[in-house]
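Coordinate analysis (summary)
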Amino acid sequence: MSLLEVKKLTKNFGGLAAVSMVSMELGDNELVGLIGPNGAGKTTLFNLLTGVYEPTEGSIDLAINDKQESLVGKKTYTITDMGLGRTFQNIRLFKDLTVLDNVLIAMHAKNKVGTVAALFRTPAFYASEQTLKAEAIKLLKIFNLDTKVSELAKNLPYGEQRRLEIVRALATKPKILFLDEPAAGMNPQETADLTALIRQIQKDFKITILLIEHDMSLVMNVCERIYVLEYGRMIAHGTPKEIKNNKAVIKAYLGGD
Amino acid sequence: MKQFNKTNLGWLIFIAVAFLLIQFGVSFGLIDAFYEITLMTILINIILAAGLNLIIGFSGQFSLGHAGFMAIGAYCTGIMTIKLPTLVGLFAGLLLGIIVASLVALVVGIPTLRLKGDYLAIATLGVAEIIRIAILNMGSLTNGAAGLSGIPYLTTWQLAFIFVVVTLVIIVNYIKSSAGRATVAIREDEIAAESMGINTTKFKTIAFVIGAATAAVGGGLHASYFSVIRPADFTFMKSIDILIIVVFGGLGSVTGSVVAAIVLGIINVFLQPFGQLRMILYSVALIAIMIFKPSGLFGTKEFTISGLLNRKKKASPKQKEEPK
Amino acid sequence: MENFIQQLINGLSLGSIYALIALGYTMVYGIIKLINFAHGEIYMVGAFVGYATINILHLGLIPSLIISMVVCAILGAIIERVAYKPLRKATRVAALITAIGVSFLVQNSMIYLVGPQVRAFPQVITKKVYNLGSIQVNQTQITIFATTIVLMLALQFIVKQTKMGKAMRAVSTDADAARLMGINVDNVISFTFILGSALAGAAGVLVGMYYNSIDPMMGVVPGLKAFIAAVLGGIGIIPGALLGGFTIGIIETLISGYGSSLVKDAVVYLILIIILIVKPTGLLGKNTKEKV
Amino acid sequence: AQGSADDSDTIKIGGNFELTGPVSAYGTAESNGAKLAIKEINEAGGVLDKQLDYIELDNKSDTTESASIATKLATQEKVSVIVGPATSGTTKAATPAVTRAKVAMITPSGTDDGLTLDDNGNVQPYVFRTGFQDSFQGVALAEFATTHLDSKKAVIIGDSSSDYAIGLTKSFKNSYTGEIVADENFTADDTDFNAILTRIKDKDFDVIYMPAYYEQAGLIIKQAREMGIEQPILGADGFSNQALLDLAGEENVSNVYYSAHFSLNNEEKNIQDFIKAYTDEYKTAPDAFSALAYDSVYLAKQGIEEADSSDPEEVVKALEAITDFQGVTGNFAIDENHNPVKSVFVIELQDGKEVGGTEVAPK
Amino acid sequence: MLQVKKLTVHYGVIQATKEVSFEVNEGEIVSLIGANGAGKSTILKALSGLHRPTSGEILYKGQPIQKETTKKIVELGISQVPEGRHVFGGMSVLENLEMGAYLRKDKSEIQKDLKMVFDRFPVLGERKKQDTATLSGGEQQMVAMGRALMSRPKLLLLDEPSMGLAPIFIKEIFNIIKMINEQGTTILLIEQNAKVALEIAHKGYVLETGKVVQSGTGQELLASDEVQKAYLGG
Ligand SMILES: Nc1ncnc2c1ncn2[C@@H]1O[C@H](COP(=O)(O)OP(=O)(O)OP(=O)(O)O)[C@@H](O)[C@H]1O
Ligand SMILES: Nc1ncnc2c1ncn2[C@@H]1O[C@H](COP(=O)(O)OP(=O)(O)OP(=O)(O)O)[C@@H](O)[C@H]1O
Ligand SMILES: [Mg+2]
Ligand SMILES: [Mg+2]
């Protein structure tokens with residue numbers, strides 16, 4: 001049984017079918033790419049999977065403890081809680097909060113110490129705060145952000161903001177991580193660093209990653225499988241090699257050389 | 001761990017010193033009957049503003065309905081203490097006010113807190129007006145437009161001071177908890193917060209309910225100290241008055257609200273002798289303050305004891321102006 | 001039945017007053033996202049200017065209306081430059097508090113200058129009453145209703161079709177990008193205030209004449225009701241102001257007419273809240289979720 | 001109590017009025033009346049050979065502020081007596097303050113019965129008034145409606161947001177012998193009364209009882225007459241202001257009756273002198289509010305003179321004992337409940353002119 | 001055509017650029033490259049008058065413009081496609097393009113240019129009436145480009161025009177840039193995609209922490225070791 005199973009997913013905006021009859025599967029510990037021309041519906045698909053939009057039609061099922069649970073109609077926060085984390089195409093950090101707070105917030109849902117303990121400042125509260133902080137800093141360290149814990153998120157350079165978004169998503173302890181154009185606005189060198197990083201976290205955290213990206217150096221390098229969308233439809237699916245040579249994909253997306 | 005205890009101790013000393021200073025002032029006649037009224041107004045305003053700041057400044061929900069919850073607290077306390085003019089009656093009244101205000105906040109909060117920005121502002125304003133009109137029409141229980149008078153004088157400034165401290169401790173501890181961080185995340189970006197697994201409706205509602213409960217406490221103390229309450233005391237303008245304190249102190253700064261309540265209380269004393277000019281001077285001051293300090297006295301920063309203790313530690317990064 | 005129609009007419013005429021004030025409110029909001037609390041006060045000043053021109057300068061209605069609009073436009077422009085412009089980059093709540101400050105200032109300056117008492121507005125046109133059976137409509141009601149509709153259409157045209165209108169909308173979404181198009185953002189915002197304030201001035205004179213009563217506090221309640229009307233219709237949407245104004249006017253009247261006038265305002269608010277819960281962005285607001 | 005020291009060369013009088021805020025129109029009129037009285041008294045040589053020092057503060061029409069400034073006047077300024085505030089709510093709010101400080105407060109227009117009597121029927125020792133109390137005025141008007149207007153069916157149109165109007169409605173309802181066919185309400189914020197007028201228009205009634213202030217009453221009279229409602233309209237002292245005629249339009253003000261403290265047409269010298277002095281000073285005719293405040297200051301003066309002291313507590317005792325005050329709003333004694341003993345004078349208006357008056361003595 | 005002399009820009013206390021000097025000649029494509037936060041966008045903001053420099057001079061056709069209003073600068077023929085697109089959400093695609101021609105009065109020419117834009121970006125033609133706020137990222141980028149072209153600029157400032165675009169479209173965009181340039185528009189280009197940017201550029205400048213550290217022709221820079229290492233991932 002696959003981890004996430006999407007069947008005939010459709011989303012209409014007025015007359016426009018931004019996503020139509022899309023089916024896909026994600027297994028455990030996979031690194032999968034999602035590409036397609038601008039406006040193909042990639043971000044919309046993410047939004048459907050994470051409950052930001054309600055699908056017009058179709059099903060999304062997540063395997064939890066050997067049972068299939070439907071995600072359709074569930075609230076975003078529930079879906080996050082069930083193990084789906086994400087980043088945003090247009091960075092959506094908590095801009096006026098510190099780097100550390102950004103990460104701590106993401107840990108909230110999994111925090112065990114209750115509000116009552118916090119109101120009375122019990123020792124358990126202090127202890128849990130310490131562990132949370134330690135955990136957050138550990139995560140930040142992986143992304144070389146541990147020196148910036150008390151900076152405001154908005155004061156970070158663009159590339160670091162992108163990385164912080166990934167840290168924040170990881171802090172929700174996802175089973176599946178959706179990354180929407182993580183390398184946008186980075187130069188080739190930075191992209192190369194990011195590529196390595198993505199590969200590493202996928203291994204270290206044993207998670208599944210679904211990645212939208214227009215930078216082929218990244219996609220073709222790290223993805224085991226790739227899905228291709230065009231005009232809301234899935235037009236191809238395969239290994240990077242297959243995709244590179246797929247006529248339809250070349251015509252619609254890669255451009256012929 | 002050590003640092004935390006040091007800060008807590010620091011605050012404890014700070015509070016004790018403040019209390020003793022006031023006590024000293026009262027005992028030696030420096031704070032006479034008139035200044036005591038000013039002091040009470042300030043203390044009550046601190047409670048009201050801190051609660052509203054939790055709603056507006058921390059959870060980012062624009063409520064214009066604080067006066068409604070204050071009215072609930074005032075009438076519950078007023079009615080209760082008229083029937084039972086003892087401290088027990090006072091506490092029962094305050095408790096009743098907290099319960100009723102929280103219930104009302106819960107019932108109206110869940111559907112309306114989905115609304116955004118000014119739509120929410122109007123809805124909360126409507127709620128407060130409905131509360132007020134309901135009170136106006138409750139016949140002999142609330143005595144209509146004339147309101148309740150002769151409410152027994154059971155509050156002392158010491159009692160109010162204790163309530164201020166308790167309210168502030170609860171609010172600050174809540175904000176500093178994991179739930180508080182979730183609340184702030186909602187203010188910053190609701191969609192992102194939701195994607196972090198935060199049940200936004202829940203935390204908005206909690207903030208709204210806590211805010212309403214503190215408003216009820218403020219209202220109850222008001223009733224019991226000033227002994228006269230009328231529906232006309234709890235109009236939209238009252239909500240605005242509290243909002244001004246919150247914004248003046250800084251949205252998202254509890255200590256800012258405290259300082260703002262004190263400063264505005266003092267400004268009011270100075271303006272009193274100016275007759276019709278006082279409101280003109282007040283509004284000019286208000287405009288000038290906002291122009292020169294649009295993020296309020298404290299911005300989102302807090303005055304902290306640990307900040308005092310570790311003066312040498314580098315100042316927090318300079319805040320840039322928020323985009324509109 | 002006739003009674004009902006009469007009440008509807010009463011409601012429409014009350015509603016058109018709310019709508020008339022709400023138009024300027026919603027337009028300013030639509031462009032700079034500021035709840036211009038001083039709008040009600042500008043309306044009040046408009047009424048007083050009309051009073052002065054008619055009573056002291058002995059001018060007719062039309063010249064008074066024009067003078068009042070001009071004075072209010074200037075006042076609006078000054079307020080914008082002095083009080084709001086420095087706060088363009090500040091939070092919206094800070095701007096709101098400033099607007100409240102301006103509202104207090106104008107109101108209390110007026111109390112200081114002319115006293116808080118009500119005055120009777122001079123009746124410059126004789127009030128014709130039309131009787132259709134037992135249903136009555138008077139001329140001022142028709143004038144106000146017609147003016148409201150015409151102004152709504154004119155505003156909608158300005159904002160949607162003219163170059164200035166497009167510049168206004170561009171400024172409202174992204175001021176820096178608008179600058180890059182060669183738009184003088186300050187002028188556009190001033191224009192918005194001038195237009196909105198002139199509308200408020202006109203409303204002041206018309207309403208002063210209709211009710212025959214003006215005082216320095218007269219802007220508070222209609223200002224608030226107009227704001228509510230604007231929100232109900234979908235704030236920032238010009239036809240929404242009209243719809244919201246009419247809706248509130250009619251609901252208020254029907255409740256006074258058939259229910260209990262004691263709970264009139266409470267019921268209005270209740271209906272308002274219910275409408276908002278069903279339609280969170282107002283009657284005409286687009287119910288779109290933010291694209292992420 | 002802290003009286004002003006006898007060796008100071010002025011006597012301080014406090015003023016606690018609504019100079020800003022929702023009811024500033026009444027507070028300002030009263031402030032004017034009070035200031036005129038102070039000026040006259042000082043020009044005439046003062047009281048007990050001392051000049052009066054009038055200290056006036058604004059209560060913003062707000063209860064908290066009223067309590068605050070009453071305390072300030074009584075304890076910091078150490079005034080001998082306070083005049084004001086204008087409304088019952090602000091007066092009630094100031095009551096604990098003056099009680100604690102043991103200083104008399106004379107409210108010109110606070111009408112609520114409960115101002116001078118607490119809930120248990122005990123007199124509030126430091127509160128006095130020069131105006132009517134609601135029960136008294138409402139009863140008199142109910143009687144006038146029956147005996148002089150021959151009414152059997154009345155409609156009430158009252159201001160549900162003011163305690164003044166509510167008090168008047170209550171006492172009218174309690175003593176009116178005819179039938180009350182409709183009880184309509186509005187709030188002080190309203191300007192459009194067509195809805196309720198349309199509603200009563202076709203009802204069968206022969207008088208409209210309208211407890212309201214002149215601002216709204218003027219508009220209601222206008223809108224009612226324009227709608228063709230011609231029944232007599234009966235109001236209380238809140239009508240007593242020139243603006244009533246202006247707002248309604250003189251042609252509409254016929255068959256209107258209201259209870260008044262004084263009439264601009266009254267030939268008596270002291271009244272004409274007052275009207276002239278007031279008009280000279282403020283370029284507008286006095287209304288009931290300014291007249292009552294004017295009398296309140298003179299009442300305070302008489303209290304100080306009869307006490308032969310500016311000590312606040314002595315003044316209180318003297319005020320309680322006043323039996324023969326002669327003011328522009330009538331000659332009266334202060335009764336054991338601190339209310340003036342005077343009769344209601346109902347003025348009739350036709351075409352905007354006073355055409356007569358009827359004295360209704362309380363039963 | 002454009003001379004920037006010792007340009008220093010601050011955001012409050014933060015210094016974003018330090019005495020940056022460079023030159024753009026008529027008819028050239030000039031690329032500015034540099035890591036995140038190097039100050040590239042800041043320079044463009046200063047050129048357009050959106051952010052006032054602390055010191056230094058900007059000469060356009062010999063005239064100092066560093067104190068001019070944005071309106072004046074646009075009138076002089078300098079147009080910018082800002083970073084992050086900044087389209088007018090809430091207005092239709094067509095209205096966005098019309099805003100680009102805000103200062104122009106020649107109605108018939110505007111119509112011609114509209115057609116030209118729709119030819120270059122056919123998607124925009126299909127979506128004329130759609131609210132730009134709901135367009136995909138790439139579609140919005142096209143609107144931003146089209147909008148800038150509508151002012152018929154003499155000097156076009158492009159801030160990362162390829163960000164978020166599909167590979168096929170990146171090629172397209174660079175073709176369009178070349179074409180615009182060949183038709184006589186001078187271009188100052190900021191790009192992360194340093195390789196492509198330098199390939200089409202006549203001249204390039206490398207920016208590091210607010211300072212120009214290297215300059216030369218496009219080819220020279222492409223061949224330079226430092227540039228290879230730092231920006232081309234090789
Ligand atoms: N809320 C919405 N309302 C209307 N149309 C929308 C909405 N969201 C997306 N669309 C449309 O759906 C289509 C798909 O958009 P989406 O953002 O998913 O594209 P994308 O594949 O992520 O493109 P890009 O790579 O450019 O980001 C676009 O044509 C867009 O205009
Ligand atoms: N509004 C601002 N307030 C404060 N600092 C800013 C602001 N905008 C930019 N900066 C700072 O100025 C420096 C230069 O920023 P700029 O945006 O010009 O860089 P850039 O070269 O365009 O980077 P990128 O490739 O990420 O777009 C950075 O350190 C940035 O953090
Ligand atoms: Mg996308
Ligand atoms: Mg940049």
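Residues numbered from 1 in each chain as written. Chains lettered and ligands numbered in written order. Predicted model: local features only at pLDDT ≥ 70, side-chain atom pairs only at ≥ 80, totals over all residues. Heavy atoms only, no water.

- Looking up chain B in an unreviewed UniProt entry gives the name Branched-chain amino acid ABC transporter permease, with the organism given as Carnobacterium antarcticum.
- Regarding chain B, the UniProt comment filed under Subcellular location (unreviewed entry) reads as follows: "Cell membrane". (UniProt positions renumbered as here; feature names shortened; annotations may be inferred.)

**Considering the coordination of the magnesium ion (ligand 4)**
Residues and elements named next belong to chain E.
- Looking at the magnesium ion (ligand 4), the protein donor atoms are S41 (OG), E83 (OE) and E83 (OE), and they sit 1.8 to 2.7 Å from it. Here S41 is found in helix α1 (residues 40-47), whereas its partner E83 is found in the loop between β6 (78-81) and α3 (93-100), with 42 residues between them in sequence.
- On the basis of relative accessible area, E83 is assigned to the partly exposed category, the value being 29%. (Donors = N, O, S within 2.8 Å, 3.2 Å for Na, K, Ca; no water. Helix = DSSP H or I, 4+ residues; strand = E, 2+ residues; numbered from the N terminus. Buried < 20%, exposed > 50% of the residue type's maximum accessible area, 1.4 Å probe, protein only.)

**What to know about the coordination of the magnesium ion (ligand 3)**
Residue and element names in this part refer to chain A.
- Every protein donor of the magnesium ion (ligand 3) is accounted for by T43 (OG1) and Q89 (OE1), and the metal-donor separations fall at 1.9 to 2.1 Å. Of this pair, T43 sits in helix α1 (residues 42-49) while Q89 is found in the loop between β6 (84-86) and α3 (99-107), placing the two residues 46 residues apart along the sequence.
- Taking relative accessible area as the criterion, Q89 reaches 11% and is therefore assigned buried.

**So, the interface of chain B and chain C**
- At the junction of the two partners, chain B supplies 40 residues and chain C supplies 50 residues.
- Viewed at the interface, chain C and chain B are joined by 1 salt bridge.
- The tally of links between chain B and chain C comes to 6 residue pairs in polar contact (both at pLDDT 80 or more).
- When residues of the side of chain B that touches chain C are traced back to their parent elements, those giving at least two are α4 (87-112), α5 (117-136), α10 (236-249) and α12 (277-292) of chain B.
- Of the residues belonging to the side of chain B that touches chain C, the class tally is 29 nonpolar, 5 polar and 6 charged. (Contact = heavy atoms within 4.5 Å. Salt bridge = Lys/Arg side-chain N within 4 Å of Asp/Glu carboxyl O. Polar contact = N/O pair within 3.5 Å; in protein donor to acceptor, adjacent residues only side chain to side chain. Nonpolar A, V, L, I, M, F, W, Y, C, P; charged D, E, K, R; others polar.)

**Observations regarding the pairing of strand β10 (residues 256-260) of chain D**
Residue and element names in this part refer to chain D.
- A large share of β10 lies buried, amounting to 5 of its 5 residues.
- Burial of the side chains of β10 extends over both faces: V256, Y258 and A260 are buried on one face and Y257 and S259 on the other.
- Across 3 bridges, the pairing between strand β9 (residues 233-235) and β10 is parallel. The residue bridging L234 from the neighbouring strand is Y257, located in β10.
- In this fold, β9 hands off to helix α8 (residues 242-248), which returns the chain to β10; that crossover is right-handed.
- Strand direction decides the pairing type here: β10 and strand β13 (residues 344-350), joined by 5 bridges, are antiparallel. Following the sheet pairing, Y258 is matched in β13 by I347. (Pairing = 2+ DSSP bridges. Right-handed = clockwise from strand over helix to strand, strands pointing away.)

**Considerations on the site of ligand 1**
- Residues in close proximity to ligand 1 total 23 residues, the closest being K42(A), T43(A), T44(A), Q89(A) and T134(E).
- Ligand 1 is flanked by residues contributed from chains A, C and E.
- Between T134(E) and ligand 1, the recorded distance is 2.6 Å, taken from a backbone N or O atom to an oxygen atom.
- G138(E) places a main-chain nitrogen or oxygen 2.8 Å from an oxygen atom of ligand 1.
- The set of elements that each furnish at least two residues to the shell around ligand 1 consists of β2 (16-26) and α1 of chain A together with α6 (137-149) of chain E.
- Its residues placed into classes, the shell around ligand 1 shows 6 nonpolar, 12 polar and 5 charged. (Near = heavy atom within 4 Å.)

**Quick word on the sheet that holds strand β7 (residues 179-186) of chain D**
Residues and elements named next belong to chain D.
- With respect to topology, 7 strands assemble into an open sheet ordered β7-β6-β8-β9-β10-β13-β14, the strand pairing being mixed. Both outer strands of the open sheet, β7 and β14 (353-360), are each paired with one neighbouring strand and no more. With direction set aside, neighbouring strand axes in the sheet form an average angle of 20 degrees.
- Relative to strand β8 (residues 207-210), strand β6 (residues 153-159) is paired through 3 bridges, and the arrangement is parallel. (Axes fitted to C-alpha atoms, helices over the stretch in contact; angles between N-to-C directions.)

**What to know about the site of ligand 2**
- Ligand 2 sits among 16 residues. The nearest are G37(E), K40(E), S41(E), T42(E) and E83(E).
- Ligand 2 sits at a junction of chains, with neighbouring residues supplied by chains A, B and E.
- Between ligand 2 and G39(E) there is a distance of 2.8 Å, counted from an oxygen atom to a backbone nitrogen or oxygen.
- Between an oxygen atom of ligand 2 and a side-chain N or O atom of E160(E), the distance comes to 3.3 Å.
- Computed on the free molecule, ligand 2 has an accessible area of 630 Å², of which 78% lies beneath the protein chains in the complex.
- Take the shell around ligand 2: its biggest share by element is 3 residues, from α1(E).
- Looking at side-chain class alone, the shell around ligand 2 contains 6 nonpolar, 6 polar and 4 charged residues. (Areas by Shrake-Rupley, 256 points an atom, 1.4 Å probe, with all protein chains shown as cover.)

**Some details on the interface of chain E and chain A**
- The interface of chain E with chain A comprises 24 residues on the first partner and 27 residues on the second.
- Of the roughly 1,800 Å² buried at the junction of chain E and chain A (both faces included), carbon and sulfur atoms supply 51%.
- By the criterion of area lost to chain A, the three top residues of chain E are N36(E), P167(E) and I168(E), representing 28% of everything that side buries.
- Our count for the chain E to chain A interface comes out at 0 salt bridges. (Buried area = accessible area lost by both parts, 1.4 Å probe.)

**As for the side chain of E184(D)**
- Among the secondary structure elements, E184(D) is positioned in strand β7.
- Not counting residues up to four positions away in its chain, the partners in contact with E184(D) are S256(C), S261(C), I156(D), I157(D), G158(D), I196(D), R199(D) and I200(D).

**Quick look at the arrangement of the chains**
- When the 7 pairs of chains in contact are compared, the highest contact count belongs to chains B and C.
- There is no contact between chain B and chain E; across them, the least C-alpha separation is 8 Å.
- As for chain E relative to chain D, no contact occurs, and the smallest C-alpha gap between them is 38 Å.

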